[in-house]
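In case you want the letters, here they are:
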Amino acid sequence: MPDADVLALVTTEVLDRAALEAFVRSRRDGALVTFEGVIRDHDHGEPVTALDYEAHPEAERFLRETCAEVARETGLRVAAAHRVGALAIGDVALVACVAAPHRAEAFAACALLVDRIKERTPIWKRQHLEGGTTEWVNL
C-alpha cells in the first residue's frame, strides 16, 4: 500500500526537483532541504566523461521502502527520485527532499535519506573514463 508521506521514483526522464519539493512542503514547515547528486567530471583522481546508471527491476520498490523508513523514523514527508540510463557531466542523477518545521531536523533527515538510498537502493553506475575505459561502481 502506498505511503502518503513518501514519493519515490526511478526513471529515465530528467528529474523534476520542483515536483519533489512541492510534495514534501506544507504550511507547517519552515525548512526545505534538497540534495542533488550531480554527475561530476572526475572520480578518484581519474577524469570521467559520462555515466550509465542501471537499476535492479525492483529498484523503485527499494527506494520507496527506504523513503518510508526515513519518514516513519523522522515523522516527516520525504521524496526521492533517481535517474537511470546514460547521463552526461552536469546531469542530476538523484534528488532527495525533506521538509520540516526547523532546519536542523530537515538537514539531518535529508542526510539520513541520501545515505540510506546509497546503501540500499540497487542502482549501479558505469563510469566512462577519459581514454575510453569504463569501470563499474557500487556493484
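What you are looking at is a predicted structure, and each value in this text was computed from that prediction instead of being measured. (Residues numbered from 1 in each chain as written. Predicted model: local features only at pLDDT ≥ 70, side-chain atom pairs only at ≥ 80, totals over all residues. Heavy atoms only, no water.)

Got a sec to walk through helix H2 (residues 59-74)? Specific residues and values, please.
The end-to-end C-alpha separation of H2 is 23 Å, in line with the 22 Å expected for 16 residues at 1.5 Å each. Among the residues of H2, those classed as buried are Ala59, Leu63, Thr66, Cys67, Ala68, Val70 and Ala71. On its buried side, H2 packs onto strand E1 (6-11), strand E4 (46-55), strand E5 (78-83), helix H3 (103-120) and strand E8 (123-129). Positive backbone phi, at 75°, marks Gly75, one or two positions downstream of H2. (Helix = DSSP H or I, 4+ residues; strand = E, 2+ residues; numbered from the N terminus. Expected span 1.5 Å × (residues − 1). Buried < 20%, exposed > 50% of the residue type's maximum accessible area, 1.4 Å probe, protein only. Contact = heavy atoms within 4.5 Å.)

Account for the pairing of E8, naming residues and giving values.
Along E8, the buried face is formed by Ile123, Lys125, Gln127 and Leu129; none of Trp124, Arg126 and His128, which line the opposite face, is buried. Both E4 and E8 contribute to a ladder of seven bridges, which runs antiparallel. Across the sheet, the residue bridging to Val48 is Leu129, located in E8. Here four bridges tie E8 to strand E9 (residues 134-137), and the two strands are oriented antiparallel to one another. Considered in E9, the bridge of Arg126 is made with Trp136. Adjacent in sequence and paired antiparallel, E8 and E9 are bridged by four residues, among which Gly131 carries a positive phi angle near 100°. (Pairing = 2+ DSSP bridges.)

Help me get a handle on the environment of Val48, residues and values and all.
Tracing the chain through its elements places Val48 in strand E4. By relative accessible area, which is 4% here, Val48 ends up buried. Distance in space between the C-alpha atoms of Val48 and Phe62 is 28 Å, their sequence separation being 14 residues. Among residues more than four places away in sequence, those in contact with Val48 are Arg40, Asp41, His42, Asp43, Ile89, Gln127, His128 and Leu129.

Can you tell me about the pattern of salt bridges, naming the residues and giving the values?
For the structure on display, the rule yields 13 salt bridges. Of the charged contacts in the structure, one is a salt bridge between Asp29 and Arg28, with a shortest N-O distance of 3.8 Å. The class of Asp29 is buried, set by a relative accessible area of 18%. Measuring nitrogen to oxygen at the nearest pair gives 2.8 Å for the salt bridge that ties Glu69 to Arg116. Placement of the pair is Glu69 in helix H2 and Arg116 in helix H3, with a sequence separation of 47 residues. (Salt bridge = Lys/Arg side-chain N within 4 Å of Asp/Glu carboxyl O.)

That is the geometry; function is a separate question.
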